[in-house]
Amino acid sequence: MQRTVRPEILDELPPADARAIRSRRDLQRVNHVMGNRVILDRAIRHALPLPAPHARLRILELGAGDGSLALRVATRLAASWPVAELTLLDRQPLISDETGIAFAHLGWSLRALATDALEWARAPTPRPLTDRWDVILANLFLHHFEAAALRELLSAVADRCEAFVACEPRRSLPSLLGSRLLPALAVSRDTLHDAVVSVRAGFCGDELSRIWPARPGRWKMTERPAGLFSHLFVAVHGGAA
Ligand SMILES: C[S@@+](CC[C@H](N)C(=O)[O-])C[C@H]1O[C@@H](n2cnc3c(N)ncnc32)[C@H](O)[C@@H]1O
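Okay, so let's go over this structure. Since the structure is predicted, the reported quantities are computational estimates derived from the model, not experimental observations. Along each chain, residue indices are assigned from 1 in the same order as the chain's sequence is written. It should be noted that, the model being predicted, local features are given only for residues of pLDDT at least 70 and side-chain atom pairs only at 80 or more, the latter also being counted only at that level, while totals for whole chains, interfaces and linings use all residues. Excluded from the side-chain calculation are hydrogens and water; included are all heavy atoms of the structure.

**Regarding helix α8 (residues 173-180)**
Argument step 1. Only protein chains enter the calculation, and the probe is 1.4 Å; a residue is then buried if its accessible area is under 20% of its type maximum, exposed if over 50%, and partly exposed in between. Numbering goes from the N terminus for both helices and strands, where a helix is a DSSP run of H or I of at least four residues and a strand is a run of E of at least two. Along α8, the residues that are buried comprise Ser-175, Leu-176, Gly-178 and Ser-179. When α8 is viewed along its axis, its buried side chains cluster within an angular range of 160° and face the same direction. Opposite the buried face of α8, at more than 90 degrees from it, the exposed residues are Leu-173, Leu-177 and Arg-180. Here the arc refers to the set of directions running from the helix axis out to each C-beta atom.

Written out as structure tokens, the structure reads:
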């Protein structure tokens, strides 16, 4: 299946539109069925060094949506990293007060950044370079971009973090079949449309590794199928992916 990137309905609806609210709720169930929280949790733990006592973890999620997936990941990680600073970047301001309160209860500090990811990538790399994110995350996000934009985005990511973990739709016939079975979860027509578009724009093989900026010897990468429908890419600076 050739990769094709087409607009998704959710990206074009205003945040408060009833259809968008329904789609974001559906997305939580889609993430659950795909097992993306578990996939990300394991990949992040594997990519990070063991926490030093009182170490402060700095995480950025690109295309974080309403932050509900980040909250579920954070709830698991907080046992090992009680002190953390999480930034959730999305083009739309989607983080609710309840989500903010839930992060506060965890003891993690939260910053919501309503910015386009490509603008973030095109901004000058913050100095000093030692002040990098421990982890940059992306879930169901990279597939929005054509190869050239993705190259630009991943180049900025590689400049700004110690580890990058991305969980994306896997471009495969089982995923396409799975997306067509979503009516069984009573999702909306918009979600069904976006799921099929997402699979066709998803990834397989070593497509993301080949787009990752070549810095020989400096990054260890793994890229593989994860769960039934997901595709996992992990890059660790100088370490074990
Ligand atoms: C499929 S949702 C995934 C949300 C979240 N990661 C999750 O798994 O629940 C994709 C998100 O990417 C955001 N998005 C799309 N293009 C973007 C861009 N160029 N910059 C920042 N956010 C973008 C959308 O607003 C949407 O919230």
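**Brief notes about the pairing of strand β3 (residues 109-114)**
Argument step 1. DSSP bridges decide pairing: two strands pair if at least two such bridges lie between them. Looking at chain direction, strand β2 (residues 84-90) and β3 are connected through six bridges and run parallel. Directly across from Leu-88, in β3, lies its bridge partner Ala-112.
Argument step 2. With strands facing away from the observer, any crossover in which the path from the first strand over the helix to the second runs clockwise is taken as right-handed. Tracing the backbone out of β2, into helix α5 (residues 97-106) and back to the parallel element β3 gives a crossover that is right-handed.

**Notes on the nonpolar core**
Argument step 1. Residues grouped as a nonpolar core are buried Ala, Val, Leu, Ile, Met, Phe, Trp, Tyr and Cys residues, joined through side-chain atoms within 4.5 Å. Core analysis: the biggest nonpolar cluster contains 31 residues, and Leu-40, Ile-44, Ile-59, Trp-108 and Val-165 have the highest contact counts within it.
Argument step 2. Of all the secondary structure elements, the ones that give two or more residues to this core are α3 (36-47), β1 (57-62), α4 (68-77), β2, β4 (133-139), β5 (161-169) and β7 (230-237).
Argument step 3. Looking at this core, the element that brings in the most residues is α4, giving six residues.
Argument step 4. An automatic or database domain assignment supplies the start and end points of every domain. Here this core spans two domains, and each of domain 1 (27-48 + 134-144 + 164-241) and domain 2 (62-123) adds at least three residues to it.
Argument step 5. Core analysis: the second largest hydrophobic core is formed by 30 residues, Leu-60, Leu-118, Leu-142 and Leu-150 among them.

**Digging into the pattern of salt bridges**
Argument step 1. Each reported salt bridge corresponds to a side-chain nitrogen of Lys or Arg within 4 Å of a carboxyl oxygen of Asp or Glu. This structure, assessed with the given rule, holds twelve salt bridges.
Argument step 2. Residue Asp-41 is joined to Arg-37 by a salt bridge in which the shortest nitrogen-to-oxygen separation is 3.7 Å. Of the two residues, Asp-41 and Arg-37 both sit in helix α3, four residues apart, roughly one turn of that helix.
Argument step 3. On the basis of relative accessible area, Asp-41 is assigned to the buried category, the value being 7%.
Argument step 4. Using a relative accessible area of 14% as the deciding quantity, one classes Arg-37 as buried.
Argument step 5. For Glu-152, the salt bridge goes to Arg-122, with nearest N and O atoms at 2.6 Å. Pair noted here: Glu-152 is in helix α7 (residues 147-160) and Arg-122 is in helix α6 (residues 117-122), with a separation of 30 residues, a long-range link.
Argument step 6. Look at Glu-152 and you get partly exposed, because its relative accessible area is 31%.
Argument step 7. Through salt bridges that share partners, Arg-22, Asp-26 and Arg-29 make up one connected network.

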